[in-house]
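# Results of the structural survey
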Amino acid sequence: DGLVASEGETISFTLVSNKAWEIIPSSGFLGNIDRMSGEGSEDGKVETISITVPGNPGAKREGSITVKTAYQEYTFNIMQNGVIIELEETPEVTTLSMGSLADEKTYLIRSNKAWKVEVPEEYQDWLSAEKVGENELKVNVTVNNRLSVRKGQVLLTTVEMIDGFDGVLFDIEQT
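Residues numbered from 1 in each chain as written. Predicted model: local features only at pLDDT ≥ 70, side-chain atom pairs only at ≥ 80, totals over all residues. Heavy atoms only, no water.

For the rest of this paragraph, the subject is the side chain of Q80. In this structure, Q80 sits in strand β7 (residues 73-80). The exposure class assigned to Q80 is buried, which follows from its relative accessible area of 0%. At 2.9 Å, the side chain of Q80 and the backbone oxygen of P54 are in polar contact. When neighbours within four sequence positions are excluded, Q80 is seen to be in contact with L3, V4, A5, S6, G8, F29, V53, P54, G55, N56, K60 and R61. (Helix = DSSP H or I, 4+ residues; strand = E, 2+ residues; numbered from the N terminus. Buried < 20%, exposed > 50% of the residue type's maximum accessible area, 1.4 Å probe, protein only. Polar contact = N/O pair within 3.5 Å; in protein donor to acceptor, adjacent residues only side chain to side chain. Contact = heavy atoms within 4.5 Å.)

Structural data, given as structure tokens:
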């Protein structure tokens, strides 16, 4: 298992098999493999396999490589960073909670590209957001007079249009 640089790189692994083997990639970005199969060897010969992973201009991606014989298979995962726009403290979180009163919160954003923020039109009557400085997202909500949770979204996209990257949606929940 491993992490590949967003710029792309060549990675390699070794295998020993006394049976014929084949390699099955789960994704096209892992398809540039120097050898997809081999006969194996009874003498325990170590074989080195190289995979050239191209640069990733889009979102973080993940795939797997499976090495398979007639009797056994082994799978390992390969992740590759791409455009990163995420919360600094908790990158896996994409839901932001706000209080029922008029509320304002600022979140630190970690990004490897210049970014901007948009609020879809259907939420603009109660939700606003703006970029502050290089790495802060300020979210504002008006008072929630409903007896239920109000939900909206904020979209962070790159300033420069990047093929394969549609941005990162943060769900906003206001009690």
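What the rule picks out here adds up to three aromatic pairs. When the centroid spacing of 4.9 Å and the interplanar angle of 70° are considered together, the rings of F13 and F76 count as edge-to-face. Here the residue F13 occupies a position in strand β2 (residues 9-15), and F76 occupies one in strand β7, the gap between them amounting to 63 residues. Each member of the pair, F13 as well as F76, carries the same accessibility label: buried. Summarising the aromatic geometry, the rings of Y123 and W126 are spaced 6.5 Å apart at their centres and angled 80° between planes, so their arrangement reads as edge-to-face. Taking the relative accessible area as the measure of exposure, Y123 reaches 16% and is therefore buried. An aromatic cluster is defined as three or more aromatic residues linked by ring pairs; in this entry it consists of F13, Y74 and F76. (Phe/Tyr/Trp six-rings, centres within 6.5 Å; stacked < 30°, edge-to-face > 60°.)

Across the sheet, four strands lie side by side as β8-β10-β13-β12; this open sheet has antiparallel pairing. The open sheet has two edge strands with one neighbour each: β8 (85-87) and β12 (127-132). Each neighbouring strand pair of the sheet contributes to a mean axis angle of 30°, computed without reference to strand direction. As paired elements, β12 and strand β13 (residues 136-141) share six bridges and run antiparallel to each other. Residue pairing in the sheet places E130 in a bridge with K138 of β13. (Pairing = 2+ DSSP bridges. Axes fitted to C-alpha atoms, helices over the stretch in contact; angles between N-to-C directions.)

Right, let's talk about the sheet that holds β7 for a bit. Strands belonging to one sheet form pairs held by backbone hydrogen bonds; the direction of such a pair is parallel or antiparallel. Pairing is mixed in the open sheet, where five strands are placed in the order β1-β7-β6-β3-β4. Each of the sheet's edge strands pairs with one partner strand only, and the pair in question is β1 (2-4) and β4 (37-38). For β1 and β7, the ladder comprises three bridges, and the chain directions are parallel. What sits directly across from V4, in β7, is Q80.

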